[in-house]
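Analysis of the macromolecular model
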Amino acid sequence: MTDEELLDAFPGVRIDADNAAWHRGLLDHRLLVNRCDDCGRWHQPPRPLCPACWSRSITPTEVAGDGFVALVTALRQGAPQPGVDYADGGHALVAVELDEQPGLRLAGTVVGTPTAGIRVGDRVRALWRDIPGRLPRADFEIVAGADTAAGEGAGR
Ligand SMILES: [Zn+2]
């Protein structure tokens with residue numbers, strides 16, 4: 001895919017050298033997070049240098065998309081968007097802490113569970129959905145509740 005095709009795929013999105021791999025990955029349903037070649041730290045959102053050791057040697061590296069809910073909030077109003085329903089307890093917005101590294105988080109929503117039923121510490125995995133009119137991105141689905149995932153999630 002050329003740079004021009006990538007820009008066309010994400011109209012209105014600012015794509016630069018730092019986040020191009022992230023967006024290319026989304027089109028292939030892969031989560032490519034920038035990782036430092038020198039210290040091994042992952043960082044998201046993409047930056048031109050490692051925030052831990054300032055190295056400029058960065059390689060987009062795939063993460064599995066497994067983790068736990070670190071934060072959940074309910075959006076009760078907002079602009080109309082495909083796949084977003086603000087009714088019935090609000091649209092869930094979560095920060096998922098990935099298993100690859102403490103503090104490495106991705107934002108998304110949880111599908112298949114009512115917003116009121118989502119708990120900090122719930123184990124989740126990435127779930128790709130193709131919704132017409134929406135850019136590709138990973139959502140999440142709960143694979144184990146916070147109470148059954150005790151010790152792995154909340155409190156880490
Ligand atoms: Zn580093």
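Residues numbered from 1 in each chain as written. Predicted model: local features only at pLDDT ≥ 70, side-chain atom pairs only at ≥ 80, totals over all residues. Heavy atoms only, no water.

**Looking at the overall build of the protein chain**
The secondary structure content of the protein chain amounts to two helices and eight strands. The order of α-helices and β-strands along the protein chain, N terminus first, is α-α-β-β-β-β-β-β-β-β. Its C-alpha atoms give the protein chain principal-axis dimensions of about 40 × 40 × 20 Å. The contacts in the protein chain between residues at least 6 apart in sequence include a share of 51% that link residues at least 24 apart. The distance from the centre of the 16 positive side-chain charges to the centre of the 22 negative ones in the protein chain is 5 Å. (Helix = DSSP H or I, 4+ residues; strand = E, 2+ residues; numbered from the N terminus. Contact = heavy atoms within 4.5 Å. Lys, Arg positive; Asp, Glu negative; His and termini not counted. Charge placed at Lys NZ, Arg CZ, Asp CG, Glu CD.)

**Notes on the coordination of the zinc ion**
Listed as protein donors to the zinc ion are Cys36 (SG), Cys39 (SG), Cys50 (SG) and Cys53 (SG); their distances from the metal cover 2.3 to 2.4 Å. Coordination geometry of the zinc ion: the four donor atoms subtend angles of 103 to 118 degrees at the metal centre, consistent with an arrangement described as tetrahedral. Of note, the donors binding the zinc ion are all from one chain and are spaced C-x2-C-x10-C-x2-C. In this pair, Cys39 sits in the loop between strand 1 (31–36) and strand 2 (42–43) while Cys53 sits in the loop between strand 2 and strand 3 (58–63), placing the two residues 14 residues apart along the sequence. For Cys39, a relative accessible area of 38% corresponds to the partly exposed category. (Donors = N, O, S within 2.8 Å, 3.2 Å for Na, K, Ca; no water. Tetrahedral: all angles 85-135°; square planar, octahedral: opposite > 155°, others 65-115°. Buried < 20%, exposed > 50% of the residue type's maximum accessible area, 1.4 Å probe, protein only.)

**Quick word on the side chain of Ser55**
Considering the arrangement of structural elements, one finds Ser55 in the loop between strand 2 and strand 3. From its side chain, Ser55 meets the backbone nitrogen of Ser57 in a polar contact 3.0 Å long. The contacts of Ser55, once residues within four sequence positions are left out, are Cys36, Asp38, Leu49 and Cys50. (Polar contact = N/O pair within 3.5 Å; in protein donor to acceptor, adjacent residues only side chain to side chain.)

**Things to note about the sheet that holds strand 1**
Consider a sheet: its strands pair through backbone hydrogen bonds, and that pairing is either parallel or antiparallel. Strand order across the open sheet formed by three strands is 2-1-3, with antiparallel pairing between neighbours. Either end of the sheet is taken by a strand with one partner, and the two such strands are strand 2 and strand 3. Here helix 2 (residues 20–27) sits on the sheet and contacts strand 1 and strand 3; the angle it forms with strand 1, its principal contact strand, is near 150 degrees. (Pairing = 2+ DSSP bridges. Axes fitted to C-alpha atoms, helices over the stretch in contact; angles between N-to-C directions.)

**Side note on the domain arrangement of the protein chain**
Per the domain assignment, the segments making up the protein chain are domain 1 (3–63) and domain 2 (66–144). On the side of domain 2, 13 residues touch domain 1, which itself brings 17 residues to the contact. Roughly 1200 Å² is buried in total at the junction of domain 1 and domain 2, and carbon and sulfur atoms are behind 73% of that figure. Interface area lost by domain 1 to domain 2 is led by His29, Leu31 and Trp42, which between them contribute 45%. Of all the secondary-structure elements, those providing two or more residues to the side of domain 1 that touches domain 2 are helix 2, strand 1 and strand 2. (Domains from an automatic or database assignment. Buried area = accessible area lost by both parts, 1.4 Å probe.)

**Examining the environment of Gln81**
By the secondary structure assignment, Gln81 is in the loop between strand 4 (66–75) and strand 5 (91–98). Residue classification places Gln81 among the partly exposed residues on the basis of a relative accessible area of 41%. As a C-alpha pair, Gln81 and Thr109 span 28 residues in sequence and 13 Å in three-dimensional space.

**Brief notes about the side chain of Asp139**
In this structure, Asp139 sits in strand 8 (residues 138–144). Reaching out from Asp139, the side chain makes a polar contact with the side chain of Arg137 at a distance of 3.3 Å. Contacts of Asp139, omitting those with residues within four sequence positions, involve Thr109, Val111, Arg125, Ala126, Leu127, Arg129 and Arg134.

**Some details on the nonpolar core**
For soluble globular proteins, the rule of thumb is that nonpolar side chains tend to be buried together. Of all hydrophobic cores here, the largest spans 23 residues; its most connected members are Leu31, Val94 and Phe140. Sorting the residues of this core by element identifies helix 2, strand 1, strand 5, strand 7 (123–128) and strand 8 as the ones contributing at least two each. Both of domain 1 (3–63) and domain 2 (66–144) provide at least three residues apiece to this core. Apart from the residues within four sequence positions on either side, Leu31 is in contact with Trp22, Leu26, Thr61, Glu62, Val63, Gly65, Leu106, Ala126, Trp128 and Ala138. (Core = buried A, V, L, I, M, F, W, Y, C linked by side-chain atoms within 4.5 Å.)

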